[in-house]
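Observations on the model geometry
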Amino acid sequence: MQVYLNTFGTYLHIKDDMFEVKIPVKDGEPIKKTLAAHKVSSFVLATSASLSTEAVRLALYNNIDIIFARSDGYPLGRVWHSKLGSTTKIRKQQLQASINEEGVKATKNWISEKMTHQLEFIKDLKKHRPQMAEYLDDKIERIQNLIVSVGKLEGNTVQDFAETIRGLEGTAGRLYFETINYVLPSSYQFNGRSSRPAKDAYNAFLNYAYGILYTRVEKALILAGLDPYVGYLHRDDYNQKSMVFDFIEPFRIFVEVPVFRLFTAKKVNKAHLDEITNGVTLNKEGKELLIKALNDYLEEDSIRYKNRNQTRANIIQQEAHAYANQLIEKTKDTSETLYL
């Protein structure tokens, strides 16, 4: 499990060879929680928390990363052991793939899967909203056409069609979020995607959820021996973790669904947000609500995938390893579209 240290003054240290978290309580004794190392995958420090060097050492021994996150959930940095996740041959092949047809194939697959998940999500909405069938059918048809267009793209490298596929992806995303907005209760509706800062509650929750997903995908890539900085579609800007942004695309649905459910269940209110300059941000209560929903969906619920019942968190890691193996030809293409 991922453990979020989200209360001002929280202290992480070691007691009896276990992690102990001390959570301050106003005018009272601190709450103490002990955690066995084998039950923790990551610690995320989102506010002014502190930790001991012994806690860092125990985390390193147990391959537990310690993530320092920004207020929007995206990682500023992480404490992680210095070992490679696997053979360096994977990274060499990844570099070659970035300038050959393997990168073309992977990029088209990831973007097509992302758009297919958006399509299946809208189809699922239609099952429960027959009164909106005409509107939803139009979106379904248009996204289907965009998926076909992605499949027809050709090139020796991704750069041969990069701008075109970005345009197709952007159009599908606009149709998708227009649909989400259309079916939401009127009090939660929003005017398109916004970030840094979010202009509304829905975007604030979604942005923070993407930040959490980003940390999980980055770790999955590292463990699989892939280089987070060597991507195919996203630009190789300074300090840009391009592969994280490439590989994350098919898995965005893993956080979009629980965010949507929080709003359709009307569990979000003004008490979960703070106003900031030109927008809103999640406060402590909002983060707690979202993090619990995400952890339940990612780590507790299981789905049938490749003939096994698996959690969505495990699927992300499994797919990272599968792609790394594919690069060094240990396995054939093992990609499978998720219909969730």
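The structure reproduced in this document is the subject of the present report. (Residues numbered from 1 in each chain as written. Predicted model: local features only at pLDDT ≥ 70, side-chain atom pairs only at ≥ 80, totals over all residues. Heavy atoms only, no water.)

Let us look at the nonpolar core. Among the nonpolar cores identified, the biggest contains 90 residues, and Ile180, Tyr202, Phe205, Tyr232, Phe247, Phe263 and Leu290 are the most heavily contacted of them. With 15 residues, the single largest contributor to this core is helix α6 (residues 201–224). Not counting residues up to four positions away in its chain, the partners in contact with Ile180 are Phe121, Phe190, Tyr202 and Phe260. Core analysis: the second largest hydrophobic core is formed by 16 residues, Leu5, Leu35, Ala37 and Phe43 among them. (Core = buried A, V, L, I, M, F, W, Y, C linked by side-chain atoms within 4.5 Å. Buried < 20%, exposed > 50% of the residue type's maximum accessible area, 1.4 Å probe, protein only. Helix = DSSP H or I, 4+ residues; strand = E, 2+ residues; numbered from the N terminus. Contact = heavy atoms within 4.5 Å.)

Taken as a whole and judged by the stated rule, the model has 15 aromatic pairs. Consider the rings of Phe19 and Phe43, whose centres lie 4.8 Å apart with planes at 70°: the pair is edge-to-face. Residue Phe19 is located in strand β3 (residues 18–25), and its partner Phe43 is located in strand β5 (residues 42–45); the two are separated by 24 residues in the primary sequence. The residues Phe19 and Phe43 share a single accessibility class, namely buried. Considering the side-chain rings of Tyr135 and Tyr182, the 3.8 Å spacing of their centres and the 10° angle between planes classify their relative orientation as stacked. Placement of the pair is Tyr135 in helix α4 (residues 133–151) and Tyr182 in helix α5 (residues 162–183), with a sequence separation of 47 residues. Every member of this aromatic cluster is reached through a ring pair, and the members are Trp110, Tyr232, Phe247, Phe251, Phe254 and Tyr323. The ring of Tyr210 carries Arg252 above its face, with NZ or CZ at 4.7 Å from the centroid. If you follow Arg312 out to its NZ or CZ, it ends over the ring of Tyr297, 3.7 Å from the centre. (Phe/Tyr/Trp six-rings, centres within 6.5 Å; stacked < 30°, edge-to-face > 60°. Lys NZ or Arg CZ within 6 Å of the ring centre and 35° of its normal.)

All right, on to the side chain of Gln94 then. By the element assignment, Gln94 lies in helix α2 (residues 88–97). When its relative accessible area of 0% is taken as the criterion, Gln94 is described as buried. Apart from residues lying up to four places away in sequence, Gln94 is in contact with Leu226, Asp227, Val230, Tyr232, Met243 and Leu327.

Here we take up the packing of helix α3 (residues 101–128) against helix α8 (residues 253–264). Across the interface, α3 lies against α8 with an axial gap of 11 Å and an inter-helix angle of 25°. In this view, α3 runs roughly parallel relative to α8, as classed from their interaxial angle. Both α3 and α8 take part in a crossing whose hand is right-handed. Mapping the contact onto sequence places His117, Phe121 and Leu125 in α3 and Ile253, Val257 and Phe260 in α8. When the residues that make up the contact of α3 with α8 are grouped by side-chain class, the tally is five nonpolar, one polar and no charged. (Axes fitted to C-alpha atoms, helices over the stretch in contact; angles between N-to-C directions. Parallel < 35°, antiparallel > 145°, perpendicular 65-115°, else oblique. Left-handed = near helix turned anticlockwise from the far one by under 90°. Nonpolar A, V, L, I, M, F, W, Y, C, P; charged D, E, K, R; others polar.)

This part takes up the sheet that holds strand β7 (residues 65–69). Pairing within the open sheet is mixed, and its four strands lie in the order β1-β5-β7-β8. A strand with exactly one partner marks an edge of an open sheet, and here the two such strands are β1 (2–5) and β8 (75–79). The average angle at which neighbouring strand axes cross in this sheet is 20°, direction not considered. Note that β5 and β7 share four bridges and pair parallel. Residue pairing for β7: Ser42 is matched across the bridge by Asp65. Contacts between α6 and the sheet are confined to β1, β5, β7 and β8, with β8 contributing the most and set at about 35° to the helix. (Pairing = 2+ DSSP bridges.)

So, about the pairing of strand β11 (residues 302–305). Side-chain alternation along β11 places Ile303 and Tyr305 on a buried face and Ser302 and Arg304 on a face that remains uncovered. Bridging between β11 and strand β12 (residues 308–311) involves four bridges; their strand directions are antiparallel. Residue pairing for β12: Tyr305 is matched across the bridge by Arg308. Hairpin connection between β11 and β12: a loop of two residues separates the two successive antiparallel strands, and Lys306 in this loop has a positive phi of roughly 55°.

Strand order across the open sheet formed by four strands is β4-β3-β2-β6, with mixed pairing between neighbours. The sheet terminates laterally at β4 (28–35) and β6 (50–51), the two strands that pair on one side only. Where strand β2 (residues 11–15) lies against β6, two bridges are found, and the strand directions are parallel. Paired with Tyr11 across the two strands is Ser50, which belongs to β6. The strands that helix α1 (residues 53–61) touches are β2, β3 and β6; relative to β2, the one it contacts most, it runs at about 70°.

The next thing to look at is the pattern of salt bridges. When the charged atoms of two side chains with opposite charge come close together, those side chains can pair. Throughout the structure, instances matching the rule amount to 19 salt bridges. In this structure, Glu218 engages Lys241 in a salt bridge whose closest nitrogen and oxygen atoms are separated by 2.6 Å. Placement of Glu218 in helix α6 and of Lys241 in the loop between α6 and α7 (242–247) is noted, with a sequence separation of 23 residues between them. Judged by its relative accessible area of 18%, Lys241 is buried. Among the charged side chains, a network of salt bridges with common partners joins Asp65, Arg78, Glu218, Lys219 and Lys241. (Salt bridge = Lys/Arg side-chain N within 4 Å of Asp/Glu carboxyl O.)

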